Amino acid sequence: MIKTFKLNSRSETSSLKLPKEVFSFSRDLDGEWHTDDAKAKEEALSYYYFPDSYIDRNYNLGDGFNKFKKIPEAENVPNFASFLKAIKEHEQQSGKKIKVDIVTFRGVMTKLLTLPYDTKTPIHLYVIAFDGQLFITPDSEYELKQRAAEDEQLKASDPEKYQYNKTCEYTGYKFEALTTLPKPWAQCSRGLIEKRAKKTVNNYEQYISVVRTGIGKVKTLLAGEVDCAWDYIPSEENGASKNDILKHYVELKTSMVVDQPHKAVNFERKLFKTWAQCFLLGIPRVVYGFRDQKHLLKNVEIYNTEEIPLLLKNSEYPRGGVQKFHCVDAIKWYGAVLEWITQNVDANDESKAYKIIYDSGSRTFSLNECMGDENKRLRNGEILTEEFKSWREQLRG
C-alpha cells in the first residue's frame, strides 16, 4: 500500500495548541541518559550569560577544535528508548496516560514543517501504532549512511572545504560553551565565568524538554533539545505554573556574518528553520552568534521567535530564484500533513508499520506500508521497548 500527498496541500486552519512542558530528561558527559525531571533541570540545564562588551574580545569559535569531545555519530541520534522511559516514569507518577495522537521528536516535526521550503532534503521516517497513538521516529540508519556518504564525497573532492565545514559545525558547540553557565550568573564565581573560553567543548550533554502541543485536531508530544535558560527557572513552590518554564528557554545558533545580499538570503533560510524548531517547542528567544571566515565572533543578535515570520515576510533582499519563506504557509502545510498521516494510519491497528518518505528527486511525499521482515523488526522492539509496552498494557488494565 502506497499513498501519496501533494506538496501544495494546505489545511483551512492554522489553529495551534500552545506548547506546554510535561517533563524533561537529559544526557550526561558520559553519554548516559537520565529521566528524572528535577535532576535534569538542576544538573543539565545551563544559563545564558554573555554581556555585549564581551564581543570586543574577538573570541575564536574554532579554538579547541582538536580537543572536541565528540559523541560518535551512531550514538548521536534521537533516542526513543530514553524518551519512552521518561514517558513511563511520568505516567507512573501521575497515574494516567499522556493523551496525544502522535509521539515523536521535535526534529521530525521540523522536517515536516519546513518541507515546502526545503524540497532538496529527503525525509525517511518510520511510523507504528500502539495503544491508540502513533509513534514516529527517523530512519537513523538511512540518515547516518547519507551523512557518511556526503562527508566522504566532500573529503575526497575538497579536503580543505571538508575540514572547514567540520570546524563550522564545531563553532555552534563552542558558542554554547562560551555563552552559558552551569548555574545562574549570581551563583557563579568570576573565575568560572572568565574561564569558559578555555573549556573543553563536548556535544554529549543535552537537556531535553518534552512538550504537549498540536495543530488543528491533532495533538502531539514532542521531545526536543533546549540549549539554555535566559535568566532563571520559575519554581512551582513559589506559585509559578509549570508552563511558565517555556518562556525562559533560549535557542543558540551561529552563522556567517551577513555582509552581502546572497549571504542574507542564506541566513534567512537558516532563520526559517530555527523559527520552526523554536515554534514547535515553544521557545520564545533565539541568540545568534555571527562569525567571520576565520571563525572570529563579530556580533551577537537576539531574535524573538514570534517576530521572525514578519522579518522573513518583509525581507527585501535580492533573491534570484529563491522564494520567500512564509511561516504561516508552512504551518498550514504542517496541519494538513499531520491530519493526513493520522487519517491514513489506524492508531488502533498494531499489526502494521509504515514508512513516510519524501523523495527529493521526484518531489513526492508518500506513506508506504512495511512488509515482511521489516514490518516484524519495527513492530518487535526496534521502535518501542518491551518495558514501555508492558507499562501501557498495565495502565490500560
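The rules we used
- Residues numbered from 1 in each chain as written.
- Predicted model: local features only at pLDDT ≥ 70, side-chain atom pairs only at ≥ 80, totals over all residues.
- Heavy atoms only, no water.
- Pairing = 2+ DSSP bridges.
- Helix = DSSP H or I, 4+ residues; strand = E, 2+ residues; numbered from the N terminus.
- Contact = heavy atoms within 4.5 Å.
- Axes fitted to C-alpha atoms, helices over the stretch in contact; angles between N-to-C directions.
- Phe/Tyr/Trp six-rings, centres within 6.5 Å; stacked < 30°, edge-to-face > 60°.
- Buried < 20%, exposed > 50% of the residue type's maximum accessible area, 1.4 Å probe, protein only.
- Lys NZ or Arg CZ within 6 Å of the ring centre and 35° of its normal.
- Left-handed = near helix turned anticlockwise from the far one by under 90°.
- 1 Å grid on protein atoms, 1.4 Å probe; cavity = no way out; pocket = protein on both sides within 12 Å on 5 of 7 lines; lining within 4 Å.
- Points joined across faces, edges and corners; volume = space filled by probe spheres on them.
- Nonpolar A, V, L, I, M, F, W, Y, C, P; charged D, E, K, R; others polar.
- Polar contact = N/O pair within 3.5 Å; in protein donor to acceptor, adjacent residues only side chain to side chain.
- Arc of directions from axis to C-beta.

### Describing the sheet that holds strand β3 (residues 33–34)
At step 1: The strand order across the open sheet built from 10 strands is β1-β16-β15-β6-β7-β5-β10-β9-β2-β3, with neighbouring strands paired in mixed fashion. Each edge of the open sheet is held by one strand with a lone partner, namely β1 (2–5) and β3.
At step 2: The sheet contact formed by strand β2 (residues 16–27) and β3 spans two bridges and is antiparallel. Paired with R27 across the two strands is W33, which belongs to β3.
At step 3: The sheet strands contacting helix α3 (residues 106–114) are β5 (102–105), β6 (123–130), β7 (133–138), β10 (218–225) and β16 (364–369), and the helix crosses β5 at an angle near 95°.
At step 4: Packing of helix α10 (residues 372–382) onto the sheet brings it into contact with β6 and β15 (353–359), and relative to β6 it is tilted by some 65°.

### A word on the packing of aromatic side chains
At step 1: Applying the stated rule across the entire model yields 31 aromatic pairs.
At step 2: Note on Y288 and Y303: the rings are 6.1 Å apart at their centroids and 90° apart in plane angle, and the pair reads as edge-to-face. Linking Y288 in strand β13 (residues 285–291) with Y303 in strand β14 (residues 297–304), this pair joins segments that are 15 residues apart in sequence. Neither Y288 nor Y303 differs from the other in exposure class; each is buried.
At step 3: The residue whose ring lies beneath R57 is Y54, and the NZ or CZ to ring-centre distance is 3.9 Å.
At step 4: We note R396 situated over the ring of F130; from NZ or CZ to the ring centre the distance is 5.4 Å.

### Some points on the packing of α3 against helix α9 (residues 327–344)
At step 1: Direction vectors running N to C along α3 and α9 enclose 115°, while the axes themselves pass 8 Å from each other. Of the two possible hands of crossing, α3 and α9 adopt the one that is right-handed. Facing M109, L112 and L113 of α3, the residues of α9 in contact are A330, I331, W333, Y334, L338 and I341.

### A few points about empty space enclosed by the protein
At step 1: Applying the stated criterion across every chain yields a total of one cavity of 30 Å³ or more.
At step 2: Taken as a whole, the largest cavity holds about 30 Å³ of empty space.
At step 3: Lining the largest cavity are Y54, R57, Y59, L178, I193, E194, R196 and A197.
At step 4: A breakdown of the residues in the lining of the largest cavity according to their chemical character gives five nonpolar, no polar and three charged.

### Considerations on the pairing of β14
At step 1: Relative to β14, β13 is paired through seven bridges, and the arrangement is antiparallel. Looking at the pairing, R291 lines up with L297 of β14.
At step 2: Remark: five residues form the turn of the hairpin made by β13 and β14, two consecutive strands paired antiparallel; H295 in that turn has positive phi of roughly 70°.

### Observations regarding the environment of S366
At step 1: Locating S366 in the fold gives a position in strand β16.
At step 2: Along the chain, S366 and F65 lie 301 residues apart, while their C-alpha atoms are 40 Å from each other.
At step 3: Apart from the residues within four sequence positions on either side, S366 is in contact with I2, K3, T4, W340, K355, I356 and I357.
At step 4: Of note is the side chain of S366, whose polar atom sits 3.2 Å from the side chain of N368.

### Points about unusual backbone geometry
Residues other than glycine predominantly adopt negative phi, and peptide bonds predominantly adopt the trans conformation.
At step 1: Its identity as a non-glycine residue notwithstanding, N58 has a phi of 55°, on the positive side.
At step 2: Mapped onto the elements, N58 comes out in the loop between β4 (47–48) and α2 (80–94).
At step 3: A positive phi angle, close to 70°, is found at H295, a residue other than glycine.

### Brief notes about α10
At step 1: Within the sequence span of α10, burial applies to N375, L378 and R379. One face of α10 carries all of its buried residues, which in axial projection span an arc of 90°. More than 90 degrees from the buried face of α10, the exposed residues found are D373, K376 and N380.

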